[in-house]
Amino acid sequence: MALPIKKKAQIKTEKLILKPYSEQDIDTFIDLLTNPEITSTFMVPELESRSRAEELVRKLIVFSQPDDTKHLEYGIYLNGKMIGFVNDCGIEDDEIEIGYVIHPQYQRRGYATEAVHAVIAELREMGFRKVTAGYFSENTASLRVMEKCGMQKTTITDEEDYRGTRHICKYCEICF
């Protein structure tokens, strides 16, 4: 049985605040989920319409609330503006896989590393024993984020057909 996710109302880091999404984030969130630079490296379902995208975002808003103990969802905010998110990609017992996105306009400034590092610390506090994250082999920037957060490459490799392209997916993990 999966450990419960005990989210805080917010996590403050040096430059960022991680917190639940709100209705005011819907347009920004849809922009993230439909940005071609993001969808080329982060697996997002094909959102065929604005209403389908809005439906997904509204579901994620509910998942991000502190009273939801089954999902890890945090918006990443810089100066009050949502610039990305961290979420779970699967939870089993005391092991969790996470994913994360930073808007391309805010990449290469350490924000992903800062956010992921904070979430890993939070997950450790919650009692998780292992945190994993996957990346497409060509996404070396994501690998660097994971390594800066203390994660180590594993030997696990998957092949994923995503949006018409076959990707090699590799993984990193940190154990406590």
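This report concerns the structure included in the present document. (Residues numbered from 1 in each chain as written. Predicted model: local features only at pLDDT ≥ 70, side-chain atom pairs only at ≥ 80, totals over all residues. Heavy atoms only, no water.)

Details of the packing of aromatic side chains
Using the criterion set out here, one finds four aromatic pairs in the structure. Centre to centre, the rings of tyrosine 21 and phenylalanine 29 are 4.6 Å apart; their planes meet at 55°, and the pair counts as tilted. Residue class for tyrosine 21 comes out buried when judged on its relative accessible area of 2%. Overall, the relative accessible area of 0% leaves phenylalanine 29 in the buried class. Ring geometry for phenylalanine 42 versus phenylalanine 85: centroids 5.5 Å apart, planes at 80°, classification edge-to-face. You can see phenylalanine 42 sitting in the loop between helix H2 (36-39) and helix H3 (50-64) and its partner phenylalanine 85 sitting in strand E4 (residues 81-92), a full 43 residues away along the chain. Here phenylalanine 42 and phenylalanine 85 have matching classes, each one buried. Each residue in the set Tyr21, Phe29, Phe42 and Phe85 is aromatic and connected to the rest through ring pairs, giving one cluster. A cation sits over an aromatic face here: lysine 19 above tyrosine 77, 4.7 Å from the ring centre. (Phe/Tyr/Trp six-rings, centres within 6.5 Å; stacked < 30°, edge-to-face > 60°. Buried < 20%, exposed > 50% of the residue type's maximum accessible area, 1.4 Å probe, protein only. Helix = DSSP H or I, 4+ residues; strand = E, 2+ residues; numbered from the N terminus. Lys NZ or Arg CZ within 6 Å of the ring centre and 35° of its normal.)

As for the pattern of salt bridges
For the structure shown, the criterion picks out 15 salt bridges. Among the salt bridges present, the one from lysine 8 reaches glutamate 122, with a minimum N-O distance of 3.4 Å. Taken together, the residues lysine 8 in the segment before strand E1 (11-12) and glutamate 122 in helix H4 (residues 111-126) connect sequence positions 114 residues apart. Under the relative-accessibility criterion, glutamate 122 is labelled buried at 6%. A network of salt bridges, in which partner residues are shared, links Glu23, Asp27, Arg50, Glu54 and Arg58. (Salt bridge = Lys/Arg side-chain N within 4 Å of Asp/Glu carboxyl O.)

A short note on unusual backbone geometry
Of note, the phi angle at asparagine 79 is positive, near 50°, even though the residue is not glycine. As for its placement among the helices and strands, asparagine 79 is situated in the loop between strand E3 (73-78) and E4. Owing to a relative accessible area of 75%, asparagine 79 belongs among the exposed residues under this scheme. Positive phi, normally seen in glycine, also occurs at aspartate 93, with a value near 55°. Considering the arrangement of structural elements, one finds aspartate 93 in the loop between E4 and strand E5 (95-102).

Side note on the pairing of E3
For E3, the tally of buried residues reaches six of six residues, placing the bulk of the element in the interior. Residue alternation in E3 divides its side chains into two sets, Glu73, Gly75 and Tyr77 and Tyr74, Ile76 and Leu78, and both sets are buried. Across six bridges, E3 lies against E4 in antiparallel orientation. Within E4, the residue paired with tyrosine 74 across the bridge is valine 86. From the end of E3 to the start of E4, which pair antiparallel, there are two residues, and asparagine 79 there has a positive phi angle of about 50°. (Pairing = 2+ DSSP bridges.)

Some words on the side chain of histidine 167
Mapped onto the fold, histidine 167 is located in strand E8 (residues 165-175). We classify histidine 167 as buried; its relative accessible area is 8%. Of note is the side chain of histidine 167, whose polar atom sits 2.8 Å from the side chain of glutamate 138. (Polar contact = N/O pair within 3.5 Å; in protein donor to acceptor, adjacent residues only side chain to side chain.)

Description of H3
The end-to-end C-alpha separation of H3 is 21 Å, in line with the 21 Å expected for 15 residues at 1.5 Å each. Regarding H3, the residues found buried are Ala53, Leu56, Val57, Leu60, Ile61, Phe63 and Ser64. Each buried residue of H3 lies within a common arc of 160° when the element is viewed along its axis, so the set occupies one face. For H3, the exposed residues set more than 90 degrees away from the buried face come down to Ser51 and Val62. On its buried side, H3 packs onto helix H1 (26-34) and E3. (Expected span 1.5 Å × (residues − 1). Arc of directions from axis to C-beta. Contact = heavy atoms within 4.5 Å.)

So, to be careful, I would describe these as geometric facts and stop short of saying anything about function.
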